[in-house]
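Descriptive structure summary
In case you want the letters, here they are:
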Amino acid sequence: MSDGVTRTDLEHWLQVFAKQVEDNKELLTELDAAIGDADHGVNMDRGLKAVLVALEQVPQATPAALFNKVGLTLVSTVGGASGPLYGTFFLRFGGAVGDEEPVPATQFAAALRAGLDGVVARGKAEPGDKTMYDALAPAIDALDAGLAAGEVWADALTRAVDAASAGREATIEMLARKGRASYLGERSIGHQDPGATSAALLVASANEALHDCA
Amino acid sequence: MSDGVTRTDLEHWLQVFAKQVEDNKELLTELDAAIGDADHGVNMDRGLKAVLVALEQVPQATPAALFNKVGLTLVSTVGGASGPLYGTFFLRFGGAVGDEEPVPATQFAAALRAGLDGVVARGKAEPGDKTMYDALAPAIDALDAGLAAGEVWADALTRAVDAASAGREATIEMLARKGRASYLGERSIGHQDPGATSAALLVASANEALHDCA
Amino acid sequence: MKKLINAPEDVVVDALQGIEAAHPDLRVDHAHKVIYRGDSPRNGKVGIISGGGSGHEPLHGGFVGLGMLDAACAGEVFTSPVPDQMLAATKLVDGGAGVLHVVKNYTGDVMNFEMAAELAAAETGTQVVSVVTDDDVAVQDSTWTAGRRGVGVTVLLEKIAGAAAEQGRSLEQVADVARTVNANGRSMGLALTSCTVPAAGKPTFELGDDEYELGVGIHGEPGRERRKLATAKEYASLLVEPIIADLPYAKGDAVVCFVNGLGGTPLIELYVLYNEVAKILDKHGVQVARSLVGSYITSLDMAGASVTLLRVDDELMSLWDAPVRTPALRWGI
Amino acid sequence: MKKLINAPEDVVVDALQGIEAAHPDLRVDHAHKVIYRGDSPRNGKVGIISGGGSGHEPLHGGFVGLGMLDAACAGEVFTSPVPDQMLAATKLVDGGAGVLHVVKNYTGDVMNFEMAAELAAAETGTQVVSVVTDDDVAVQDSTWTAGRRGVGVTVLLEKIAGAAAEQGRSLEQVADVARTVNANGRSMGLALTSCTVPAAGKPTFELGDDEYELGVGIHGEPGRERRKLATAKEYASLLVEPIIADLPYAKGDAVVCFVNGLGGTPLIELYVLYNEVAKILDKHGVQVARSLVGSYITSLDMAGASVTLLRVDDELMSLWDAPVRTPALRWGI
Ligand SMILES: Nc1ncnc2c1ncn2[C@@H]1O[C@H](COP(=O)(O)OP(=O)(O)O)[C@@H](O)[C@H]1O
Ligand SMILES: Nc1ncnc2c1ncn2[C@@H]1O[C@H](COP(=O)(O)OP(=O)(O)O)[C@@H](O)[C@H]1O
Ligand SMILES: [Mg+2]
Ligand SMILES: [Mg+2]
Ligand SMILES: [Mg+2]
Ligand SMILES: [Mg+2]
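Procedures and definitions
Residues numbered from 1 in each chain as written. Chains lettered and ligands numbered in written order. Predicted model: local features only at pLDDT ≥ 70, side-chain atom pairs only at ≥ 80, totals over all residues. Heavy atoms only, no water. Helix = DSSP H or I, 4+ residues; strand = E, 2+ residues; numbered from the N terminus. Rg over C-alpha atoms; globule rule 2.2 N^0.38 Å. Buried < 20%, exposed > 50% of the residue type's maximum accessible area, 1.4 Å probe, protein only. Contact = heavy atoms within 4.5 Å. Areas by Shrake-Rupley, 256 points an atom, 1.4 Å probe, with all protein chains shown as cover. Core = buried A, V, L, I, M, F, W, Y, C linked by side-chain atoms within 4.5 Å. Near = heavy atom within 4 Å. Polar contact = N/O pair within 3.5 Å; in protein donor to acceptor, adjacent residues only side chain to side chain. Nonpolar A, V, L, I, M, F, W, Y, C, P; charged D, E, K, R; others polar. 1 Å grid on protein atoms, 1.4 Å probe; cavity = no way out; pocket = protein on both sides within 12 Å on 5 of 7 lines; lining within 4 Å. Points joined across faces, edges and corners; volume = space filled by probe spheres on them. Domains from an automatic or database assignment. Buried area = accessible area lost by both parts, 1.4 Å probe. Salt bridge = Lys/Arg side-chain N within 4 Å of Asp/Glu carboxyl O. Donors = N, O, S within 2.8 Å, 3.2 Å for Na, K, Ca; no water. Least-squares fit on C-alpha atoms with pLDDT ≥ 70 in both. Expected span 1.5 Å × (residues − 1). Pairing = 2+ DSSP bridges. Axes fitted to C-alpha atoms, helices over the stretch in contact; angles between N-to-C directions.

Moving on, we get to the overall build of chain C. A count of helices and strands for chain C gives eight helices and 14 strands. Relative to the globule expectation of 20 Å for 333 residues, the C-alpha radius of gyration of chain C, 19 Å, shows essentially globular dimensions. Expressed along its principal axes, the backbone C-alpha trace of chain C runs to roughly 55 × 50 × 40 Å. Per-residue burial for chain C yields a buried fraction of 66% across its 333 residues. In chain C, the share of contacts with a sequence separation of at least 24, taken over all contacts with a separation of at least 6, comes to 73%. Total accessible area on chain C stands at roughly 10000 Å², and carbon and sulfur atoms take up 48% of it.

Before going further, it helps to spend a moment on the nonpolar core. Within the largest apolar cluster, 111 residues are counted, with the highest numbers of intra-cluster contacts made by C:Leu100, D:Val277, D:Leu281 and D:Leu309. The biggest single contributor to this core is helix H7 (residues 267-284) of chain D, with 11 residues. What D:Leu281 contacts, discounting residues up to four positions off in sequence, is D:Val240, D:Ile244, D:Val255, D:Cys257, D:Val286, D:Val288 and D:Leu309. Core analysis: the second largest hydrophobic core is formed by 110 residues, D:Val139, D:Tyr296, D:Leu300 and D:Val324 among them.

Turning our eyes to something else, we now look at the site of ligand 2. Residues in contact with ligand 2 amount to 21 residues; listed here are only the nearest, B:Ala81, B:Ser82, B:Gly123, B:Asp193 and B:Gly195. Looking at what sits near ligand 2, you find residues from chains B and D. In the environment of ligand 2, an oxygen atom lies 2.9 Å from a nitrogen or oxygen atom belonging to the side chain of B:Asp37. When residues of the shell around ligand 2 are traced back to their parent elements, those giving at least two are helix H3 (40-57), helix H5 (82-97) and helix H9 (194-210) of chain B. Top contributing element to the shell around ligand 2 by residue count: H9(B), with three residues. Its residues assigned to classes, the shell around ligand 2 comprises six nonpolar, nine polar and six charged.

Of the volumes computed, that of the second largest pocket is approximately 1300 Å³. Around the second largest pocket, the lining comprises 40 residues; the ones closest to its centre are C:Thr193, C:Asp301, D:Thr193, D:Ser194 and D:Asp301. A class-by-class count of the residues in the lining of the second largest pocket yields 14 nonpolar, 12 polar and 14 charged.

This next bit is on the domain arrangement of chain C. Residues and elements named next belong to chain C. The domain boundaries assigned to chain C delineate domain 1 (13-183) and domain 2 (185-325). Spacing between the C-alpha centres of domain 1 and domain 2 amounts to 22 Å. In this assembly, 40 residues from domain 1 lie in contact with 38 residues from domain 2. Of the roughly 3100 Å² buried between domain 1 and domain 2 on both sides combined, carbon and sulfur atoms contribute 64%. Considering only the surface of domain 1 that becomes buried against domain 2, Phe78, Val137 and Leu156 emerge as the three largest contributors, covering 19% of it. Along the contact surface separating domain 1 from domain 2 lie three salt bridges. Close ionic contact of Arg148 with Asp246 constitutes a salt bridge, the shortest N to O distance being 2.7 Å.

The coordination sphere of the magnesium ion (ligand 6) contains the protein donors B:Asp37 (OD), B:Asp39 (OD) and D:Phe78 (O), at a distance range of 2.1 to 2.5 Å. For the pair the magnesium ion (ligand 6) and the magnesium ion (ligand 4), the metal-to-metal distance amounts to 3.5 Å, and B:Asp37 bridges them. One end of the pair, B:Asp39, is in the loop between helix H2 (25-35) and H3; the other, D:Phe78, is in the loop between strand S4 (71-77) and helix H2 (83-93), on a second chain. Residues B:Asp39 and D:Phe78 agree in their burial class; the two are buried.

This part is about the interface of chain D and chain C. Contacts between the two partners involve 59 residues from chain D, matched on the other side by 59 residues from chain C. Summing the contributions of chain D and of chain C, the shared interface buries around 4400 Å²; its carbon and sulfur component is 64%. The largest contributions to the chain D side of the interface with chain C come from D:Lys2, D:Leu4 and D:Ile268, which together make up 21% of the buried area. The interface formed by chain D and chain C contains zero salt bridges. Those elements that provide at least two residues to the side of chain D that touches chain C are helix H1 (11-22), helix H6 (232-246), H7, strand S11 (287-294), strand S12 (304-311) and strand S14 (330-331) of chain D. When residues of the side of chain D that touches chain C are assigned to their parent elements, the largest contribution, 11 residues, is made by H7(D).

Between chain B and chain D, the contact holds 31 residues from the first and 37 residues from the second. At the boundary of chain B with chain D, total buried surface from both sides reaches about 2500 Å², with 56% on carbon and sulfur atoms. The three residues of chain B that bury the most area against chain D are B:Arg122, B:Tyr183 and B:Arg187, which together make up 29% of that side's buried surface. Applying the counting criterion to the chain B and chain D interface returns five salt bridges. When the shortest N-O distance is used, the salt bridge between B:Arg122 and D:Glu114 registers 2.9 Å.

Take the site of ligand 1 next. If you check the shell around ligand 1, you find 21 residues, and the closest are A:Ala81, A:Ser82, A:Gly123, A:Asp193 and A:Gly195. Near ligand 1, the surrounding residues are drawn from chains A and C. Here A:Asp32 contributes a side-chain N or O atom positioned 3.0 Å from an oxygen atom of ligand 1. At 2.8 Å from an oxygen atom of ligand 1 is found a main-chain nitrogen or oxygen belonging to A:Ala81. Elements with a minimum of two residues in the shell around ligand 1: helix H3 (40-57), helix H5 (82-97) and helix H9 (194-210) of chain A. In terms of residue count, the dominant contributor to the shell around ligand 1 is H9(A) (three residues). For the shell around ligand 1, a count of residues per class yields six nonpolar, nine polar and six charged.

Attention now moves to the relation of the copies chain D and chain C. Superposing chain D onto chain C takes a rotation of 180 degrees plus a shift of 0.0 Å along the axis, which leaves an RMSD of 0.0 Å. On this basis, the relationship between the two copies can be described by a two-fold rotation axis. Relative to the rotation axis, the C-alpha of D:Gly264 is the closest in chain D, positioned 2.0 Å from it.

As a further point, take H9(A). All names here are of chain A. Here H9 is 17 residues long and its end C-alpha atoms lie 24 Å apart, about the 24 Å a rise of 1.5 Å per residue gives. Of all 17 residues that make up H9, 15 are buried, and the element is covered over most of its length. Of the residues that open H9, the one with a side-chain oxygen 3.2 Å from the backbone nitrogen of Gly195 is Asp193.

Moving on: the coordination of the magnesium ion (ligand 4). Residues and elements named next belong to chain B. The magnesium ion (ligand 4) binds to the protein through Asp32 (OD), Asp37 (OD) and Asp39 (OD); the donor distances cover 2.0 to 2.1 Å. Each donor residue of the magnesium ion (ligand 4) belongs to the same chain, with the gaps between them written as D-x4-D-x1-D. Since its relative accessible area comes to 2%, Asp37 is described here as buried.

Our focus in this paragraph is the sheet that holds strand S5 (residues 99-104) of chain C. By definition, the strands of a sheet pair up through backbone hydrogen bonds, in either a parallel or an antiparallel sense. All names here are of chain C. With respect to topology, six strands assemble into an open sheet ordered S1-S2-S4-S3-S5-S6, the strand pairing being mixed. The open sheet has two edge strands with one neighbour each: strand S1 (26-29) and strand S6 (128-133). With strand direction ignored, the average angle separating the axes of adjacent strands in the sheet is 20 degrees. Note: S1 against strand S2 (residues 34-37), four bridges, orientation antiparallel.

In this assembly three pairs of chains touch, with chains C and D having more contacts than any other pair. Note that chain A does not reach chain B: the shortest distance linking a C-alpha of one to a C-alpha of the other is 37 Å. With no contact between them, chain B and chain C keep their nearest C-alpha atoms 18 Å apart.

Residues and elements named next belong to chain D. Overall, mixed pairing links the six strands, which are arranged S1-S2-S4-S3-S5-S6 in an open sheet. Two strands close off the open sheet at either side, each with one partner strand: strand S1 (26-29) and strand S6 (128-133). Taking each pair of neighbouring strands and ignoring which way they run, the sheet shows an average axis angle of 20 degrees. As judged from the three bridges shared by strand S2 (residues 34-37) and S4, these two strands associate in the antiparallel manner. The partner of Ile35 across the bridge, within S4, is Ala72. With respect to the sheet, H2 is in contact with S1, S2, strand S3 (47-54), S4, strand S5 (99-104) and S6, its orientation differing from that of S4 by roughly 165 degrees.

In structure tokens, the structure reads:
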């Protein structure tokens, strides 16, 4: 237990996320094949591989600069819907995370919230639209709630992971109203949203990488 | 037993040939798929259906006029290699069969020979090239030989059918040197020639229709 | 997976090299995957760029040239290009009169083009107007969803707006023409087979030997419904009737009738389909002023076709007829 | 069988109606299945006709128009047309200067065109010269066999001879140009999948999921050998090297490089292949003077491609560049 998230921790988070995306590339693509265009896994994997390269180019960056770089890299390499969305998420995260490290738990949580707001600003998703929002938002809500209730970081993070998973599962029964899956109307019901699935990985990898950080 | 092939017999021959081609349409096409372009059955069937229609348009025609019509009809409806070849066969057959009926056995045989010569003139096939020639020529040789040896018509015809069948079978081991199958070179070996197969049907249908004619 | 490619990850890069080698009039910025006219930028002419995921060729790169696009951005297969690409393209073709972005209505495309326009405004002050195509009647139109997909009308729009720009019209005028085209065009498609995305290595969707997908998208997005195979006559009716009813097209309307192959369907079938489409239009009294038959907006190797109708007046028709010189569309020059 | 058709027996009839409906410049003699220029016959101009089995669209009907063919005869799918058709076409386009018959070297085509020429001479006294294309290096050349197949060069020949005829050259001169094209052109193709003949209803040949057929013919005739799937680079090499060695093409030669899709292969793959072809030519010092990339001589829905090289001098190149206005090839007008 330390008193915040260090730069090394932050990098570790991104590395774990990249690894989890790589490991789940086929799954993400298959989910996208069912209600989209079969590229979400490939898109995310391409972007996160580029992020790993980018990380090495900014060894001295502050957390803010680091995530600015991550966001720009995702915007520049992912494409599709997820590129601007995850890109904006990390750009806004970087804007809120500050230049100091270690990053205190509450500030980390606030940065996640800023990222989520960015996703909404860019994509106009609303709750229940069957998007990445539906995994991210409950997770961040849970994290905030846990921290507000005085839970320790690790417990709050675990709650967030559970909420992300539940949110991801909940997308199965949703009727898509945003993104490519919306073309399917009723037929989108019964399929898990690929973006919600990758978003749940983002939360799970935060838990794996940062569990003992703050 | 009558003393020659009547016009009714001649028409019957064509009807039986048309029927046999129809019944073997798939076989002919499959053989052609293996070493050609999968249309021999369809081509022949189209042509012979047109012949059946044409027959009704010339109820009064002499044997010569009848086969001239058959030849022209095949030329105009079959296309591909078999159209000009079978067309020329019947045009020449008509040119040699004469205006009188019934047609004596020897004249019928001579007309077949003229038809065969037409096929060679048009297509330049030589023995062993793996074409319709390799079924037709042995059959006509056998018929001629039988008649020359004083055999009765029915026996000579039976010999011709056997020779056509043997000729057709012999094409299996031949290396194609004419037509589409020639592109295959060595790889044409092992496949029965579709044109030889339809030619054997022509001989078999002569036997079926004309067995008791002369 | 049976494809004439080297490796899935190299498809776009290799194809861009091929396009560059095959078409001396065009240039390729390989770093940004932008195909552009060799004579760019054209001073005082409105630039027109488009772009989208690859796999729809000749769209968009095959439409770069005189009288049509100035540049096209090639994304990964079926993945919208990234803003850097559109920004680079915008800079390459900016002749001082502003740049029109032609965007097919997909969430990814819209967002990436949006970011590019923001960047262009910030970085260079270039005036950018975006026009979004959303002509696919297979999708229910609703402000609550991502809305209709941009499909076949995009081709016609690029030609017509390209002609308007070539005439020296202003950015607002060119954009107006483009919006008019989109407003008057409708499309719908069907798939007999799925496409196979190279990186995925297997068909995007499963379709029975006796089934087809009606209302399919050009990325293999499932359509309105799955049905049992039918005849060209029935396919034509199922595509054209909803199109006609949607705008609606009325008796006496003149249209450009565009029958498009999806990549794996040969031309002979498109003509069979065109024949049935023309008969239905005739029945409705809709008059075919111009026609286009071929594979112009494809979905990799998908077998299938789409129909697009564009209602035209004399103005649009004369822009359609104006000279064009691109790899995929050429006339009058 | 998944096709946009009504019934197998109606494919050609329906497609001809579609072509007629889509292309107001063209006329169709439906009784004879002949597509011809609306302004035929052209007084004093050598007429050029071609024809062959259907299923190779746009060949030949898509090449009817100013600067190319005057008429095209459509046979049944993959079956040579019958002499009556070529006779009708010959009469339709006979402007008094004689008629050139462009014949692909297949036994059936050669014999049917031969009979047509005999009939034309007998019936109308029209002077007919036939030029046979036989450019497929996949087939061993031999006077003992049917000889090489006519494939991709046919497209280039029709364009170039068409330009010569449009200039008002004599029948012998036009035929000479045509023979020169055939003599300087070579092709080879490969299939990733079989085609399916509508009347047969199933693939002409079986090919494993991991195999392709090298040296395939445009009617699905088996090729030189069956091999395991490889890369575009290797495909290009296996197609181009035999072509180069055959003529042979030498360092410094200028060529038209034609990369052709067989019907089921999308344009993006053709560009990937073109890129590899161009690299090989570059290595050999063969200079690409002009290029053509697209599906112009197809084999129904077959996936695959062919490469054609045509050695050109200034004369052939200027004929190639001359204006052409047909449904499938158009420039300069
Ligand atoms: N407007 C939106 N807001 C939030 N998320 C969205 C939106 N549109 C799409 N998404 C997410 O993006 C995911 C698809 O990403 P991806 O497949 O990479 O892009 P594309 O749909 O362009 O191929 C969806 O599963 C969904 O979660
Ligand atoms: N030059 C020739 N002489 C005699 N018969 C030939 C010749 N060329 C081809 N054939 C016959 O024609 C048959 C093929 O006919 P068909 O399939 O109808 O025509 P195509 O080959 O034009 O598709 C072959 O099996 C062969 O028997
Ligand atoms: Mg996707
Ligand atoms: Mg055949
Ligand atoms: Mg995508
Ligand atoms: Mg044939």
